[in-house]
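Listed here are the chains, written in short residue letters.
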Amino acid sequence: MSNKIFETLTGMYFTVDDTDGSYATGQVIRLAAEGLYFVRFDGNEVTLPLELVSVGEMLETTEEEYKLWRFFDTIEERDKWIEWLDAPSKPRVVSLVKPTK
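Parameters at a glance
Residues numbered from 1 in each chain as written. Predicted model: local features only at pLDDT ≥ 70, side-chain atom pairs only at ≥ 80, totals over all residues. Heavy atoms only, no water. Helix = DSSP H or I, 4+ residues; strand = E, 2+ residues; numbered from the N terminus. Buried < 20%, exposed > 50% of the residue type's maximum accessible area, 1.4 Å probe, protein only. Contact = heavy atoms within 4.5 Å. Areas by Shrake-Rupley, 256 points an atom, 1.4 Å probe, with all protein chains shown as cover. Core = buried A, V, L, I, M, F, W, Y, C linked by side-chain atoms within 4.5 Å. Phe/Tyr/Trp six-rings, centres within 6.5 Å; stacked < 30°, edge-to-face > 60°. pLDDT = per-residue confidence, 0-100.

Draft legend 1. Expanded view of the overall build of the protein chain. What the protein chain contains, in helices and strands, is 3 helices and 5 strands. Going from N to C terminus, the protein chain has its helices and strands arranged as α-β-β-β-β-α-β-α. Across the 101 residues of the protein chain, 22% fall into the buried class. Counted over contacts in the protein chain with a minimum sequence separation of 6, partners at least 24 positions apart contribute 39%. Carbon and sulfur atoms make up 55% of the accessible area of the protein chain, which amounts to about 8200 Å² in all.

Draft legend 2. Inspection of the nonpolar core at higher detail. Within the largest apolar cluster, 13 residues are counted, with the highest numbers of intra-cluster contacts made by Phe14, Tyr37, Val39, Met58 and Trp69. If you list the elements that add at least two residues to this core, you get β1 (13–17), β2 (23–33), β3 (36–41) and α2 (55–58). Looking at which element gives the most residues to this core, the answer is β3, with 3 residues. In this structure, tryptophan 69 is in contact with Phe14, Thr15, Val16, Phe41, Val53, Glu57 and Met58, ignoring residues within four places of it in sequence.

Draft legend 3. Expanded view of the packing of aromatic side chains. This model, assessed by the stated rule, comprises 6 aromatic pairs. Ring geometry for tryptophan 81 versus tryptophan 84: centroids 5.1 Å apart, planes at 35°, classification tilted. Of this pair, tryptophan 81 and tryptophan 84 both sit in helix α3 (residues 75–86), 3 residues apart, roughly one helical turn. What makes tryptophan 81 partly exposed here is its relative accessible area of 23%. The class for tryptophan 84 is exposed, based on a relative accessible area of 58%. An aromatic cluster of three or more residues is present, and its members are Phe14, Phe41, Trp69 and Phe71.

Draft legend 4. A look at the confidence of the model for the protein chain. A residue-level look at the protein chain finds 89% of positions with pLDDT of 70 or above and a mean pLDDT of 85. Put simply, helix α1 (residues 3–7) is where the protein chain has its lowest mean pLDDT, 57, and strand β5 (residues 69–72) is where it has its highest, 95.

Spelled out as structure tokens, the structure:
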């Protein structure tokens, strides 16, 4: 594969789900080698060091085939996703009775 294909993830923001239902956020910093990226996870108060993550890890899914990693072009897009994800469910009321004329 060409480097252009691998370079497409550089600069992207991400969320990665954990098996306990929580998630982490961060940014893909740069390509380290073919199939490996330096990523930085967001820390609460301090900048965390870079970590190496393989494309294989980024493509992992759960047993139900849900993606663990989600990528976003901007931090605003990622924040909108997180806001939607963290919002409480709103129940919908559906009438099961056919209205009379």
